[in-house]
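As a plain string of letters, each chain reads:
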Amino acid sequence: MDGPALFREMKKRPEVAGLPVVFITAKAAQRDLDELKSLGAAGTISKPFSPKDLPEHCGQFWSKLP
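Let us look at the structure shown here. (Residues numbered from 1 in each chain as written. Predicted model: local features only at pLDDT ≥ 70, side-chain atom pairs only at ≥ 80, totals over all residues. Heavy atoms only, no water.)

Our focus in this paragraph is the environment of aspartate 34. Within the element layout of this structure, aspartate 34 appears in helix α2 (residues 30-39). Taking the relative accessible area as the measure of exposure, aspartate 34 reaches 45% and is therefore partly exposed. In the structure, aspartate 34 is positioned 30 residues away from proline 4 in sequence and 9.5 Å away in space, judged by C-alpha atoms. (Helix = DSSP H or I, 4+ residues; strand = E, 2+ residues; numbered from the N terminus. Buried < 20%, exposed > 50% of the residue type's maximum accessible area, 1.4 Å probe, protein only.)

Written as C-alpha cells, this is what we have:
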C-alpha cells in the first residue's frame, strides 16, 4: 500500500481521521507527495535526511496547524 492509499484508509477511521500526519518516505513520486498534501497531510519528509534535522522539519509542519 502506498502513502496516499494508507492515508485514505486512515481518514475513514474516526478515531484517527483528525490527527495531523507527516509521511516520511524514500521513494515517493512527486505526484504521490502532491496527493498526500491535497488529502490533508501535515507534511512530508523525504529520505535521506539527518535525524538532527527532524525537530526542525516537524516544527515547520506543526507551526502551520490550526
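There's more to say after this.
As a further point, take the nonpolar core. Counting five residues, the largest nonpolar core is built from Phe7, Val21, Phe23, Leu36 and Ala41. Sequence-distant contacts of alanine 41, defined by excluding residues within four places in its chain, comprise Phe7, Val21, Phe23 and Leu36. (Core = buried A, V, L, I, M, F, W, Y, C linked by side-chain atoms within 4.5 Å. Contact = heavy atoms within 4.5 Å.)

Attention now moves to the environment of aspartate 53. Mapped onto the elements, aspartate 53 comes out in the loop between β2 (43-46) and α3 (54-62). Classification of aspartate 53 by relative accessible area gives partly exposed; the value is 28%. In this structure the C-alpha to C-alpha distance between aspartate 53 and serine 38, which are 15 residues apart in sequence, comes to 25 Å.

What follows deals with the packing of helix α1 (residues 3-11) against α2. When two helices pack together, their arrangement is given by the angle between the helix axes and by the axis-to-axis distance. At a closest axis distance of 9 Å, the pairing of α1 and α2 adopts a crossing angle of 15 degrees. Overall, the two elements α1 and α2 adopt an arrangement that is roughly parallel. The handedness of the crossing between α1 and α2 comes out as left-handed. Together, Gly3, Pro4, Phe7, Arg8 and Lys11 of α1 and Asp32, Glu35, Leu36 and Leu39 of α2 make up the contact between the two elements. Residues belonging to the contact of α1 with α2 are distributed by class as follows: four nonpolar, one polar and four charged. (Axes fitted to C-alpha atoms, helices over the stretch in contact; angles between N-to-C directions. Parallel < 35°, antiparallel > 145°, perpendicular 65-115°, else oblique. Left-handed = near helix turned anticlockwise from the far one by under 90°. Nonpolar A, V, L, I, M, F, W, Y, C, P; charged D, E, K, R; others polar.)

Turning our attention to the layout of surface pockets. Looking at the largest pocket, its volume works out to about 230 Å³. Around the largest pocket sit Gln30, Leu33, Asp34, Leu36, Lys37, Ala41, Ala42, Gly43, Thr44, Phe61, Lys64 and Leu65, which together line it. Secondary-structure elements contributing two or more residues to the lining of the largest pocket are α2 and β2. Considering every element that reaches the lining of the largest pocket, the biggest residue donor is α2, with five residues. Of the residues assigned to the lining of the largest pocket, the class counts are six nonpolar, three polar and three charged. (1 Å grid on protein atoms, 1.4 Å probe; cavity = no way out; pocket = protein on both sides within 12 Å on 5 of 7 lines; lining within 4 Å. Points joined across faces, edges and corners; volume = space filled by probe spheres on them.)

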